Every structure is written in C-alpha cells, then in structure tokens.
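Examining the three-dimensional arrangement
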Amino acid sequence: MHPAESGLLLSSIAILAVLAIWTAWSLSRADTRQRQAAAALGQSMQRLSASEERYRMLMEHANDAQATLRASEEQYRSLFEGNPHPMWVYDEETLAFLAVNDSAVRHYGYSRTEFLAMAIGDLHASGEAAPTAERSAPDRLPRDPRACLAPRVWSHRRRDGAVIQVPSRRIPVFRAG
C-alpha cells in the first residue's frame, strides 16, 4: 500500500471512530433521556395510583356515611310513624304542619293531606287562644330539648267537631332543608 493511501485509510478510520464514538454518545444520551422520561412517567403513574386509592377510600367513607345516615333516618321515621301517640312536626315560623303520623290521622279524623294543608291553630277549639306565629315569637322553642318536657293542655277540635283535651309537649326537631 502506498503511504498516501495508508494516510487516507488512517484518516478514514479515525473519522469512522469519531462517528462511532459520537453515535454511541448520542445514543447513550438518548437512552438516558428515555430512561429519565420512563422514570418520570413511572413516578407520575405511582402518584396517580396513590390519588386513585385516596379517592376510592374517600368514596367508600362517603358511601358508608350515607348508608349510616339513611339507616338513622329510617329508624327515626319508624319511631315517628309507628308511635301510638298522635305526633306531628310543624314549622316554627308558620306553624304549618310538615308531617303527621298515622296515630294523629286516626285520632283527629283528618286525612294526611288535610292535615298537611293546616296549621296548628286550625286544631284549636273556638274560644281558646290558638298559638300564632307572632304570639309564639317571644316564646320560641328553646334549643335544649330538656326544657320542653313540661306538658301543656290544649283544647283541640277533631274533624267530627268533638272537642278534646290534649296534653302536648313541644320538642324541637331541627331539620335540614
């Protein structure tokens, strides 16, 4: 081989070696970037998985709380509806009936629909000072239920016109909505 050819060959080999090194270095940088991207993606997936787990646990807790609330509401509704004594719930501002139990319907003779269209004053016999929202304003129900235990006797008129003496107790029930 001619010395000029050997110099050209050595230069070519040197250039190929530099290209090989540069290619290897570029690939290693790309590989490093890919590994970094894969690691970042993995971390994001772990955070997402942890967030999904927290969300699932919160939803389970909310569902459990709702089930407990429904059971409690059903228990109190059963106590109200199944009570052998006439009971009702009324609005403290308007004195309108909001709910009446079956015993009240039987005892007073009004249908549930008729009851719910009435206010407490509609039950009071003529001649007796029926409670009114204005008159009751200074005498609002205390927030402590124990303060409401003393009964008061009222004269009520049933649907058939009969006047009955009714010992009643006002017990505050705070309703949502």
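So, a few notes on the structure that sits alongside this text. (Residues numbered from 1 in each chain as written. Predicted model: local features only at pLDDT ≥ 70, side-chain atom pairs only at ≥ 80, totals over all residues. Heavy atoms only, no water.)

This next bit is on the overall build of the protein chain. When helices and strands are counted, the protein chain shows four helices and four strands. Its helices and strands taken in sequence order, the protein chain reads α-β-β-α-α-α-β-β from the N to the C terminus. For the protein chain, with 177 residues in total, the buried portion stands at 16%. When contacts within the protein chain are restricted to residue pairs at least 6 apart in sequence, those whose partners lie at least 24 apart make up 37%. Taken as a whole, the protein chain presents about 13200 Å² of accessible surface, with 61% of it coming from carbon and sulfur. (Helix = DSSP H or I, 4+ residues; strand = E, 2+ residues; numbered from the N terminus. Buried < 20%, exposed > 50% of the residue type's maximum accessible area, 1.4 Å probe, protein only. Contact = heavy atoms within 4.5 Å. Areas by Shrake-Rupley, 256 points an atom, 1.4 Å probe, with all protein chains shown as cover.)

Counting across every chain of the model gives six aromatic pairs. Considering the side-chain rings of Trp88 and Phe97, the 5.3 Å spacing of their centres and the 80 degrees angle between planes classify their relative orientation as edge-to-face. Residue classification places Trp88 among the partly exposed residues on the basis of a relative accessible area of 22%. Using a relative accessible area of 4% as the deciding quantity, one classes Phe97 as buried. By the ring-pair criterion, three or more aromatic residues cluster together here, those being Trp88, Phe97, Tyr108, Tyr110 and Phe115. (Phe/Tyr/Trp six-rings, centres within 6.5 Å; stacked < 30°, edge-to-face > 60°.)

Right, let's get into the pairing of strand S3 (residues 152–157). Pairing analysis gives six bridges linking S3 to strand S4 (residues 163–168), with the strands arranged antiparallel. Counted as the bridge partner of Ser155 is Gln165 from S4. (Pairing = 2+ DSSP bridges.)

What follows deals with a nonpolar patch on the surface. A contiguous nonpolar patch, built from Leu41, Met45 and Leu48 and spanning about 300 Å² of accessible area, is present on the exposed surface. Mapped onto the elements of the fold, Met45 is located in helix H1 (residues 3–81). Given a relative accessible area of 49%, Met45 falls into the partly exposed group. (Patch = residues over 30% accessible without salt bridge, like charges linked within 9 Å, V, L, I, M, F, W, Y side chains within 5 Å. Salt bridge = Lys/Arg side-chain N within 4 Å of Asp/Glu carboxyl O.)

Here we come to the pairing of strand S2 (residues 97–100). Sheet topology note: the strand S1 (residues 88–90)/S2 ladder contains three bridges and is antiparallel. Bridged to Val89 within S2 is Ala99. Turn length for the S1-S2 hairpin, with the two strands adjacent in sequence and antiparallel, is six residues, and the turn residue Leu95 shows positive phi of about 65 degrees.

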